[in-house]
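# Residue-level structure breakdown
Below, each chain spelled out in residue letters.
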Amino acid sequence: MSNISKAYDCVVIGAGPGGCQSATMLADAGYRVALLERSTFPRYQIGESMIPYNYFPLERIGMIDKMQASDFPQKHSVQFVGRSGRQSQPFYFSDHLDHACAQTWQVTRDVFDAMMMDNAREHGVEVYEDMKASTLIKEGDRILGVSCVDRDDTPCEFRAEVTIDASGGKGFAMTQLNYRIMDPNLVKPAIWTYYRGAKRDPGRDEGATTITYLEGKNWFWYIPLRDDIVSVGAVGDMDYIFQDTKDLATIFQREVKKNAWIEDHLAPGSLADDYHVCVHRSYRSKYCAQDGLVLVGDALSFLDPVFSTGMYLTLVSGELAADAVSAALKVGDVSGRQFQAYGETMCQRIEVLRRLVYAFYAPDFSFKQLVMKYPHLKGAVTDCLIGNLDQDFTALNEALSEFLELPDPISYGRAKL
């Protein structure tokens, strides 16, 4: 078979939200961009809940009008429910934010991701579906592009000044370069499914994300989606989730009975899908970039999803990476040192959220304790949870340290020089 070779300014591996964000911005900056996707859209993907600061990357690529015209449920708040079914006062983003971003969305990922891909095409990105990346093209430590196989098993080479890996949790470059480093303290299995006709709260709480507590620091998510569908899943420690069986339906229904709110809300609904399972293993790449290569989204790092920050980290990393790549291409230097600031910014933001995740799972800690003792820090906690992370959280960290042992910052994840 002949080998097809194509040349671009930038090639992006993976057409999820992070890849589309980077590709669209670079096309808007005047660069020739190829976006490679191993599957054909639409395709199923978990990760449906957005936070307010997702708004700003989406605004940069012209997606806000499309989101506002969509039928995705509007998300105005997050609420927490105890095991007894007692519900907290919903936290409304508009109480903290006087901006349009205070209303965000619960997205069905196959639809949303297809919208992002179509938007990338509209902005001039050349999209290749059914294009499976197989090997990075290397010259020493310099990445020169990627070898692929198309839907007809024809070998293809995409050569570019910069390759952006947005391949998601599979971590194409991380795997090839052996860069993935696990966080041993954040390993949480999740079992989830979808219900049709389940109960929704009235008014502007209809689209709220609800976190409901189980025994210990185990929990449920409850996310209303379009077409009368609700995404609902149980998350917990390995020995808790699989304490007496590995049958997914048995485990899920066992946990439903442990929270009165979940049981009540699911009662009028009917199962609309199979049960799914995965183990949320938090990790970060040893390097975020090197000569000719930049990692974004889950291809760079994954953090436990308890605060719905996955889409935020994906979109903002795609945005920041595109800015860094554009600047590097402009000066004709795509060495790792051009991506130092990108790595520092992403590590700083991930660390802020990582500390909050550790706090959530700390056995004898609750954020209510923190806010009761330090009410002036409620705003700082809120800023973290909406994605307003470009600030100094020293006071919050010092206060948290009085209640629990915070993790040391991870030293890796910067650019390889």
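The sections below set out a description of the structure shown in this document. (Residues numbered from 1 in each chain as written. Predicted model: local features only at pLDDT ≥ 70, side-chain atom pairs only at ≥ 80, totals over all residues. Heavy atoms only, no water.)

### Some details on the packing of aromatic side chains
Describing an aromatic ring pair means giving the distance of the ring centres and the angle of the ring planes. Under the defined criterion, the tally for this structure stands at 22 aromatic pairs. On the basis of an interplanar angle of 20° and a centroid distance of 6.5 Å, the ring pair of F80 and Y213 is categorised as stacked. Here F80 is found in strand β4 (residues 77-81), whereas its partner Y213 is found in strand β12 (residues 209-213), with 133 residues between them in sequence. For F80, a relative accessible area of 27% puts it in the partly exposed group. Three or more aromatic residues link up through ring pairs in this structure, and these residues are F80, W192, Y213, W219, W221, F307, F360, Y361, F365, F367 and F403. Here the guanidinium or amino end of K188 rests over the ring plane of Y361, the centre of that ring lying 4.1 Å away. Its guanidinium or amino end placed over the ring of Y92, R204 lies 3.6 Å from that ring's centre, counting from NZ or CZ. (Phe/Tyr/Trp six-rings, centres within 6.5 Å; stacked < 30°, edge-to-face > 60°. Helix = DSSP H or I, 4+ residues; strand = E, 2+ residues; numbered from the N terminus. Buried < 20%, exposed > 50% of the residue type's maximum accessible area, 1.4 Å probe, protein only. Lys NZ or Arg CZ within 6 Å of the ring centre and 35° of its normal.)

### Some remarks on the pairing of β4
Across the five residues that make up β4, a large majority, four, are buried. Direction of pairing for β4 relative to strand β5 (residues 91-92): antiparallel, over a ladder of two bridges. The residue bridging V78 from the neighbouring strand is F91, located in β5. (Pairing = 2+ DSSP bridges.)

### Some remarks on the pattern of salt bridges
If you walk through the whole model with that rule in mind, you get 25 salt bridges. Across the pair E129 and R121 runs a salt bridge whose closest N-O atoms are separated by 2.8 Å. The exposure class of E129 is buried, given its relative accessible area of 17%. Residue R121 is classed as partly exposed on the basis of its relative accessible area of 35%. Residue D244 is joined to R254 by a salt bridge in which the shortest nitrogen-to-oxygen separation is 2.7 Å. With D244 in the loop between α6 (238-241) and α7 (248-256) and R254 in helix α7, the pair connects residues that are ten residues apart, well separated along the chain. Salt bridges here are not isolated pairs; linked through shared partners, they connect E215, D244, R254, E255 and K258. (Salt bridge = Lys/Arg side-chain N within 4 Å of Asp/Glu carboxyl O.)

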